[in-house]
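Each chain, letter by letter, is given below.
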Amino acid sequence: MARWCYRHRLVVLLLWVGALFGLGFAATTAGTDYANVFSLPNTDSKRAYDQMEKAFPDSAGDTDTVVWKVADGTVRDASVRSRIQPVLDEIAGMKGVGQVAGPYQGERGAAQISRDGTIAYAQITFAEQANAVPKELVQDVVDTAQGAERAGLQVELGGQAIQRVQEPPTGLAEMVGILAAALVLFLAFGSLFAMLLPIGIAVFGVGTGLFSTQLLSHTTDIPDLAPLLATLIGLGVGIDYALFIVTRHRRGLLRGLESEESAVVALNTSGRAVLFAGGTVCIALAGMLVTNLRFLDGVVIGTSLTVVFSVLAATTLLPALLGVLGTRVLSRRQRRKLAERGPEPERAGGAAARWSMSVQRRPRTIAVLALAVMAVLALPVLSLHLGATDQGNDDSTTTTRQAYDLLAEGFGPGFNGPLQVVVTGGDTDALAKSIGGTPGVAAVAALPPANGVTVIQVVPTTSPQSVKTDDLIDTLRDRVIPDAGASAHVGGVTAVSKDFATITGDRLPWFIATIIGLGFLLLLIAFRSLVVPLTAALMNLIAAAASFGVLVAVFQWGWGLELLGLGKEGPINAFLPVIMLSLLFGLSMDYQVFLVSRMHEEWVHTKDNARAVRVGLAETGRVINSAALIMVCVFLAFVLSGDAGAAMAGVGLAAAVALDAFILRTALVPAAMHLLGNSNWWLPAALDKRLPHLAVEPAEEPSGDADPAGGGASAVHGFVRDAEGEAVDGAVLTLLSKGGRQLDRVTSLADGSYIVSVPAPGTYLLSATARSYGTRAHHVVVTDEPLVHDVELVQGEVDADAVN
């Protein structure tokens, strides 16, 4: 497939461009139809909602609030009323506004003025729900209301529709994330074209995924959070997958492969790992379906579609683009060096090799330190409180946050999250009186009945996010309502949030067990080992605990919230653990696959665990860390999205990826594998026979230049000498396939002689290195007869080469 895409690159490119623009045109024409459906079957808040929907079918529009406060006098003063009432009348006359209920309208309006008379509010009911209200209309409402401000009169607005107009421009977070990723890629590659390739693949993957999700929103319920999360995960995996393949392709070019052959090898090695990793991400995302929460079904659709398109782009569009660019994916310096000095084997030198050797020498110390860091970071998770963020968590400079604070100041902290007791039978007056005498209740008001249903508005003394408010809901349900002999249910946004958090907490263990179990089975089949998938499962749990610890410290305890500009501390969104764990397990599996597949490849050829772990870490550590740094940049950029849920997910995932890549995969996993030794690769023979075979890495193929009529194994032999012709004793010679796989490795004798075995006639790469000498590499063409090839080494700088 890679070869076909490379050779038919213009066709592939046109198909992808056509798909992107075609889906974009269709999605733009159809528009969006996102729906936040919180279906909580068999919960008290759902029963309350169902009864209210039957009794009050016309109360579908979004209700927002205008709040004002005077510094002197009261809001009843003629000077204040003469400024506010005309504004309310003007807003009521706007097209798209259903009604405006102000405090200057009779006895009921008087309840909208605080006891001290300094704060009042009016309710604006739009004709549509918040997502459907035109932003132009909302902005007109905001400008008109705030136009009444003067010295001593503060006017603020709150509500879902109002919140939409104060969000940053759409696409700001995505652009910042892409620019940060581009900077990291340019520093890693040193080539503009190599930098643009992963960015382009991510744009095509995310674009087609989002347009498809937008079209599907007309046929199924997809929440408006889904495209934001899909963009977040799509940019991360799209750039990362392309990064792994481009890195492998560049390695092939530097080793002397032709551009087409290098692209084919890259797709047939790293591309397979990308397919496998993308599959694990989709499986982890599909684990959300186990929770049976309809709200998450649309998130699964949006994120999975984006991952699928990102994988397709990486495995089809990328080889086509590699064909268009040719050797320009290398930097000018690399191309010049390749032309002057010829091909060289990639050496896992520098910091990566030195760190790999350090882990091998001190595995216990490194493992203990890494575990200690993760344990400390995980401690805050013990105080995890699930709930729902509201406008009280917005930044203090926003009008929604100031309106929230004014209402809490004038009418009590529970006013921003009233409970709705929906009564369908029994003595309503007696129930209202009983509720009013319950500790924790600030005010009770029974609304006029409709269709046999009465709604009792209950204002708690504590805020919607307080644990005491949750306790009050339990008290009303378990004691007050049954004791009054009424048939009633407790609903409202606060009650829905509590029920959602409870259900999420109850189903979380099943969800975790499902995705860990599926991940275990995949790794078991891929690597034919029991210990590797067990280690991966344990590491995923450690990463999850530590990342949630960071999340609790930042968003629940408020550490660094002002620095990030994320408003006020509060509970962790109830839906976040499920979404974050899905993404975390999927992304962690990516890094585990890329790291362990290289170790497994080396183990299969050498049966030397220490070497396999050392080589795997040295060769993949740098690219994994680069990929993780890109993901961290992309995820942190979503702090700028203006959506509290996306910002929370961005910070949590950034912390999770950073801890997973820089501590777990770079330190704890290789240290543990060194300590476990050969048992890493143990699998009972009986189980091995029954498991299907699924290889992440392809089987070694004969060299592309092999003579099909040629014989079998042959050899390369000769002498290793220095510039003066003296024999070099102890030089290490390595024979590599065109794909970069080690085939044989020997050490020269005292007279400088060596001999390496060759599996079949063809073209190979022979590298030689020795202490105090530089590394030399040459292509050798072997026929049926043994090849005589002498090597000359020149004294120079010593390369830290973990592979050789």
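Above this note sits the structure.
Residues numbered from 1 in each chain as written. Predicted model: local features only at pLDDT ≥ 70, side-chain atom pairs only at ≥ 80, totals over all residues. Heavy atoms only, no water.

**Quick look at the overall build of the chain**
Worth spelling out the cut-off: Only runs of H or I of at least four residues qualify as helices and only runs of E of at least two qualify as strands under DSSP, and these elements are numbered from the N terminus. Throughout this description, buried means an accessible area under 20% of the type-specific maximum (1.4 Å probe, protein chains only), exposed means over 50%, and partly exposed covers the range between. The contact definition used throughout considers only heavy atoms, calling two residues in contact when any of these lie within 4.5 Å. Note on areas: these come from Shrake-Rupley sampling with a 1.4 Å probe, and a residue is covered only by the protein chains present in the view. Two residue types count as positive, namely Lys and Arg, and two as negative, namely Asp and Glu; His and chain ends fall outside the count. The atoms used to mark charge sites are NZ of Lys, CZ of Arg, CG of Asp and CD of Glu.
Helices and strands together make up the secondary structure of the chain, namely 25 helices and 18 strands. For the chain, the spread of C-alpha atoms along the principal axes amounts to about 105 × 50 × 45 Å. Taken across its 804 residues, the chain has 55% of its residues classed as buried. Contacts in the chain between residues at least 24 apart in sequence constitute 77% of all its contacts with a sequence separation of at least 6. Approximately 33500 Å² of the chain is accessible, and the part contributed by carbon and sulfur atoms is 58%. Side chains of the chain carry 57 positive and 73 negative charges; the gap between the two charge centres is 5 Å.

**Focus: the pattern of salt bridges**
Which entries qualify depends on this criterion: A pairing counts as a salt bridge when a side-chain nitrogen of Lys or Arg comes within 4 Å of a carboxyl oxygen of Asp or Glu.
Summed over all chains, the structure comprises 11 salt bridges. Glutamate 261 serves as the salt-bridge partner of arginine 3, at 3.6 Å between the closest nitrogen and oxygen. Of this pair, arginine 3 sits in helix 1 (residues 2-7) while glutamate 261 sits in helix 11 (residues 259-286), and the two are 258 residues apart along the sequence. A residue is classified by how much of its surface remains accessible, and arginine 3, at 29% relative accessible area, is partly exposed. One salt bridge connects lysine 498 with aspartate 474, and the closest N-O pair in it is separated by 3.0 Å. Pair noted here: lysine 498 is in helix 19 (residues 493-527) and aspartate 474 is in helix 18 (residues 467-484), with a separation of 24 residues, a long-range link.

**Considering helix 23 (residues 609-637)**
Basically, it comes down to this: The length a helix should cover is 1.5 Å for every residue beyond the first. Within 3.5 Å is the distance limit for a polar contact, defined as a pair of N or O atoms, with the added protein rule that one can donate a hydrogen and the other accept it, and that residues adjacent in sequence qualify only through two side-chain atoms.
The end-to-end C-alpha separation of helix 23 is 40 Å, in line with the 42 Å expected for 29 residues at 1.5 Å each. Counting buried positions over the 29 residues of helix 23 gives 23, a clear majority of the element. By the N-cap criterion, in which a side-chain oxygen at the helix start approaches the backbone nitrogen of a residue two or three places on, helix 23 is capped by aspartate 608, the distance to alanine 610 being 3.2 Å.

**Here we look at a nonpolar patch on the surface**
The condition is simple: Grouping into patches uses exposed residues only, defined as over 30% relative accessible area, and leaves out salt-bridged ones; the cut-off is 9 Å for like charges and 5 Å for nonpolar side chains (Val, Leu, Ile, Met, Phe, Trp, Tyr).
A cluster of nonpolar side chains, Leu183, Phe186, Leu187, Leu192, Phe193 and Leu196, forms an exposed patch at the surface whose accessible area comes to about 590 Å². You can see phenylalanine 186 is positioned in helix 8 (residues 172-189). Owing to a relative accessible area of 38%, phenylalanine 186 belongs among the partly exposed residues under this scheme.

**A few points about the packing of aromatic side chains**
For clarity, the threshold we go by: What counts as a ring pair is set by centres within 6.5 Å for rings of Phe, Tyr and Trp (its six-membered ring), and what kind of pair is set by the plane angle: stacked under 30 degrees, edge-to-face over 60, tilted for all other angles. Should the NZ of a Lys or the CZ of an Arg lie within 6 Å of a ring centre and within 35 degrees of the ring normal, that charge is described as sitting over the ring.
Counted by the stated rule, this structure contains 8 aromatic pairs. Aromatic side chains tryptophan 16 and phenylalanine 204 sit 6.3 Å apart centroid to centroid with 85° between the ring planes, which places their arrangement in the edge-to-face category. Taken together, the positions of tryptophan 16 in helix 2 (residues 9-30) and phenylalanine 204 in helix 9 (residues 192-216) put the pair 188 residues apart, joining distant regions of the chain. Residues tryptophan 16 and phenylalanine 204 agree in their burial class; the two are buried. Every member of this aromatic cluster is reached through a ring pair, and the members are Tyr121, Phe411 and Phe415. Over the aromatic face of tyrosine 6 sits the side chain of arginine 9, whose NZ or CZ is 5.2 Å from the ring centroid. Between arginine 328 and the ring centre of phenylalanine 193, over which it is positioned, the NZ or CZ distance is 5.5 Å.

**Thoughts on the nonpolar core**
Rules: We call a set of buried residues a nonpolar core when its members are Ala, Val, Leu, Ile, Met, Phe, Trp, Tyr or Cys and they connect through side-chain atoms within 4.5 Å of each other.
Ranked by size, the top nonpolar core spans 154 residues in total, and within it Met288, Phe555, Ile579, Tyr591 and Phe635 carry the most contacts. Ranked by the residues each element gives to this core, the list is headed by helix 24 (residues 644-676), at 19 residues. When residues no more than four places from it in sequence are discounted, the contact partners of methionine 288 are Leu296, Val299, Val300, Phe511, Val578, Ile579 and Ser582. Of all hydrophobic cores here, the second largest spans 30 residues; its members include Trp68, Val75, Val97 and Val141.

**A look at a negative patch on the surface**
Residues Glu90, Glu136, Asp140 and Asp143 make up a contiguous surface patch of negative charge. The element best represented in the negative patch is helix 6 (residues 135-146), accounting for 3 residues. Following the sequence through the fold, glutamate 90 ends up in helix 4 (residues 78-92). Overall, glutamate 90 belongs to the partly exposed group, its relative accessible area being 48%.

**Describing unusual backbone geometry**
Phi is positive for arginine 528, which is not a glycine, with a value near 50°. On the secondary structure map, arginine 528 appears in the loop between helix 19 and helix 20 (531-556).

**Quick look at the environment of leucine 229**
Along the chain, leucine 229 turns up in helix 10 (residues 225-254). Note on leucine 229: relative accessible area 1%, which makes it buried. Every residue in contact with leucine 229, bar those within four places of it in the chain, is listed here: Val299, Thr303, Ile579 and Ala649.

**Considering the packing of helix 20 against helix 24**
Just so we agree on the cut-off: All axes are obtained by fitting lines to C-alpha atoms, using only the stretch in contact for helices, and the reported angles, taken between N-to-C directions, cover 0 to 180 degrees. Left-handed describes a crossing in which the near helix is turned anticlockwise from the far one by less than a right angle; the clockwise case is right-handed. Ten residues, namely Ala, Val, Leu, Ile, Met, Phe, Trp, Tyr, Cys and Pro, are considered nonpolar, four, namely Asp, Glu, Lys and Arg, are considered charged, and the remaining ones, Gly among them, are considered polar.
Axis separation between helix 20 and helix 24 bottoms out at 8 Å; the angle between their running directions is 145°. Read as a crossing pair, helix 20 and helix 24 show a hand that is right-handed. Partitioned by chemical class, the residues of the contact of helix 20 with helix 24 number 21 nonpolar, 4 polar and 2 charged.

**Quick look at the packing of helix 9 against helix 12 (residues 294-325)**
Any two packed helices are characterised by how steeply their axes cross, that is the angle between the axes, and by the distance between the axes. At a closest axis distance of 7 Å, the pairing of helix 9 and helix 12 adopts a crossing angle of 145°. As for the relative orientation of helix 9 and helix 12, their crossing is right-handed in sense. Of the residues contributing to the contact of helix 9 with helix 12, the split by class is 17 nonpolar, 8 polar and no charged.

**Notes on the state of the cysteines**
Worth spelling out the cut-off: Throughout, disulfides are identified as pairs of cysteine sulfur atoms within 2.5 Å of each other.
Inspection of the entire model under this criterion finds 0 disulfides. Note on cysteine 5: no disulfide assigned, nearest cysteine sulfur contributed by cysteine 282 at a separation of 19 Å.

**Quick word on the sheet that holds strand 4 (residues 153-158)**
For the record, the criterion: We call two strands paired when DSSP finds no fewer than two bridges between them.
Read across the sheet, 4 strands follow the order 2-3-1-4 without closing on themselves; strand pairing throughout is antiparallel. A single partner strand is all that each edge strand has here, and the edge strands are strand 2 (97-101) and strand 4. Going across the sheet, the axis of each strand differs from the next one's by a mean of 20°, ignoring polarity. Sheet analysis places strand 1 (residues 63-70) next to strand 4, joined by 6 bridges and oriented antiparallel. Within strand 4, the residue paired with valine 70 across the bridge is leucine 153.

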